[in-house]
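Working through the structure, step by step
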Amino acid sequence: GYVNAPRAHEFRSQGRGGKGVIGQRTKEDDYISCCALANARDEILLFTNKRRVYRTQGYKLPSGRRDSIGKNLRTLIAMEQDERVRAILPVADFSDVEGRFCLMATENGIVNRNRLRDYANVHTNGIIAINADEDDHLVDVAATTGDGEVILATHQGKTIRFREDEVRLTKRPSRGVIGIRLEEGDRVIGMAPVERDITMDKKLLMVTERGYGKRVSLVDFPLQGRGGKGVLGIKLDRDSGPLVSIGIVSDQDEIIITTEKKVIRIVAGEISAYRRYARGVRLIQLDEDDRIVSVIRT
C-alpha cells in the first residue's frame with residue numbers, strides 16, 4: 001500500500017538482458033504491483049481489486065528517489081486495509097475529455113466502456129467503477145477514443161482482437177460484456193488499445209513473468225468478433241513463465257520494466273520481433289524468487 005513517484009530520468013536506459021536497478025525499496029513481504037507514467041499536474045485515477053476507483057493529484061504523490069520506500073497510499077485516499085491498486089490512469093484535464101472513453105478489463109474476460117467524463121466527480125473516498133462478479137477483479141484500464149480496436153491477452157498466452165465499438169457504451173457503474181471466453185484456469189492479464197490510424201511501425205510488446213519478451217506485428221493478430229476464444233499470441237514454457245503484460249510500442253519508445261525487486265529501462269527497438277508462435281528473448285536477468293509485475297512505455 002505504499003506509493004513513490006521518482007522522476008523518470010532516474011531510470012537510466014540499459015541494454016536488453018541486464019540486471020536492472022532497484023526501483024523502490026519495499027518493506028518485508030511487500031512488492032511493487034503496478035506503475036504508470038504521470039505528470040505533477042495530472043489527475044490520477046486509482047482502480048483497485050475491489051472494483052472501486054479513487055482520485056488524487058500528481059503533485060500530492062511523494063517524489064522521492066527511486067530507491068526510497070515512499071508513502072502509505074492510505075494517507076492520500078480512503079482505501080480499505082485489504083484493498084490493492086490494480087491499475088493507474090493519469091488524466092491531464094477533465095475539462096478536455098469530450099469524445100474520450102474509459103475502457104476496463106477484468107480477470108474473467110469482461111470489458112466495460114464508459115465516458116471518461118463520468119469519472120470527473122471521483123473523490124478520495126472512491127466510487128464503484130464496475131459491477132462485476134464478486135470473484136472477478138479489474139486488471140487493466142485505458143483511456144481511448146472509441147473508434148479503434150482492442151487486444152486482450154491472457155495468462156496462458158491467448159489473445160483476441162476486436163473493434164472497441166463492439167463494447168456497448170454504458171453509464172458508470174455497469175457490468176460490461178464478454179471480451180474473451182477463457183479456458184479453465186486461465187485469466188486476462190491486460191489489454192492494448194489499437195488506434196484507428198495506427199502506423200505500420202507499431203508492434204505489440206509481450207512480456208512474460210520470468211523476463212522474456214518479444215514484439216509482434218499487429219497483422220499477426222486477426223480481427224475477430226468480441227466474445228471468441230482468441231488465438232495463441234506467444235509460446236510459453238517453464239523458463240518463460242506465464243504472460244504478464246502487453247502494450248503497443250514503436251522502435252524509439254523506451255520501456256520501463258518493473259519487477260518485485262528492481263527496474264530496467266530499455267529501448268523497444270532492441271527487443272527482437274517474432275511471429276505469434278515464438279517465445280521471444282530474455283529482457284532482464286531475474287533472481288529465482290523475483291518476477292515481473294509491470295511494463296510501461298515512456
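Per-chain numbering applies: the sequence of each chain, read as written, is numbered from 1 onward. Predicted model: local features are reported for residues with pLDDT of at least 70 only, side-chain atom pairs are reported and counted for 80 or more only, and whole-chain, interface and lining totals are derived from all residues. Side-chain numbers come from the whole structure's heavy atoms, not from hydrogens or water.

1. Comments concerning the overall build of the protein
Each helix is a run of DSSP H or I of at least 4 residues and each strand a run of E of at least 2, with the numbering of both proceeding from the N terminus. Helices and strands together make up the secondary structure of the protein, namely zero helices and 21 strands. The 298 residues of the protein split such that 52% are buried. Nonlocal contacts in the protein, meaning residues at least 24 apart in sequence, comprise 78% of its contacts between residues at least 6 apart. Accessible surface area values rest on a Shrake-Rupley calculation with a 1.4 Å probe, where residue burial reflects the displayed protein chains alone. A total accessible area of about 14000 Å² is found for the protein, and carbon and sulfur atoms account for 43% of it. A 1.4 Å probe rolled over the protein chains alone gives each residue an accessible area, and that area as a share of the maximum for its type sets the label: buried under 20%, exposed over 50%, partly exposed in between. Any two residues whose heavy atoms approach within 4.5 Å are treated as being in contact.

2. A look at the sheet that holds strand E8 (residues 127-128)
Whenever strands of a sheet pair, they do so through backbone hydrogen bonds, lying parallel or antiparallel. By this definition, two strands are paired if DSSP reports at least two bridges between them. Pairing is antiparallel in the open sheet, where four strands are placed in the order E5-E2-E3-E8. With one partner strand each, in any of the chains shown, strand E5 (85-91) and E8 form the two edges of the open sheet. Strand direction decides the pairing type here: strand E2 (residues 43-48) and strand E3 (residues 52-57), joined by five bridges, are antiparallel. Note that in E3 the partner of Leu45 across the bridge is Arg55.

3. Considerations on the sheet that holds strand E21 (residues 292-297)
A sheet is described by the order of its strands in space; here three strands give the open sequence E19-E18-E21, paired in antiparallel fashion. At either end of the open sheet lies a strand with only one pairing partner, and these are strand E19 (263-267) and E21. In this sheet, neighbouring strand axes are inclined to one another by 20° on average, regardless of whether the strands run parallel or antiparallel. The sheet contact formed by strand E18 (residues 254-259) and E19 spans five bridges and is antiparallel. Residue pairing across strands places Ile257 opposite Ile264, the latter belonging to E19. Axis lines are fitted to C-alpha atoms, over the contacting stretch for helices. Their N-to-C directions set the angle, which ranges from 0 to 180 degrees.

4. Description of the confidence of the model for the protein
Mean pLDDT over the protein works out to 87, with 85% of the residues at or above the 70 mark. A residue's pLDDT is the confidence the predictor assigns to it, expressed on a 0 to 100 scale. Across residues 21-28 the pLDDT falls below 50, and counting only partners more than four positions away or on other chains, this stretch makes 32 contacts in the model.

5. Here we look at the pattern of salt bridges
Salt bridge, as used here, is a side-chain nitrogen of Lys or Arg placed within 4 Å of a carboxyl oxygen of Asp or Glu. The final tally for this structure, using the stated rule, is 20 salt bridges. The residue Glu107 makes a salt bridge to Arg86 at a minimum N-O spacing of 3.2 Å. Within this pair, whereas Glu107 is found in the loop between strand E6 (101-106) and strand E7 (110-115), its partner Arg86 is found in strand E5, the two being separated by 21 residues in sequence. You can call Glu107 buried: its relative accessible area is 13%. Arg86 gets classed as partly exposed once you look at its relative accessible area, which sits at 27%. Between Asp253 and Arg297 there is a salt bridge, with the nearest N and O atoms lying 3.9 Å from each other. Within this pair, whereas Asp253 is found in the loop between strand E17 (243-249) and E18, its partner Arg297 is found in strand E21, the two being separated by 44 residues in sequence.

6. Points about the pairing of E6
The element E6 is extensively covered by neighbouring structure, given that six of its six residues are classed as buried. Of the two faces of E6, the one holding Phe101, Leu103 and Ala105 and the one holding Cys102, Met104 and Thr106 are both buried throughout. With five bridges connecting them, E6 and E7 associate as antiparallel partners. Its bridge partner lying in E7, Cys102 is registered against Asn114. The loop that links E6 with its antiparallel partner E7 comprises three residues; one of these, Gly109, has a positive phi angle of about 90°. Of the pairings in the sheet, the one linking E6 to strand E9 (residues 138-144) comprises six bridges and is antiparallel in character. Within E9, the position partnered with Phe101 by the bridge is Thr144.

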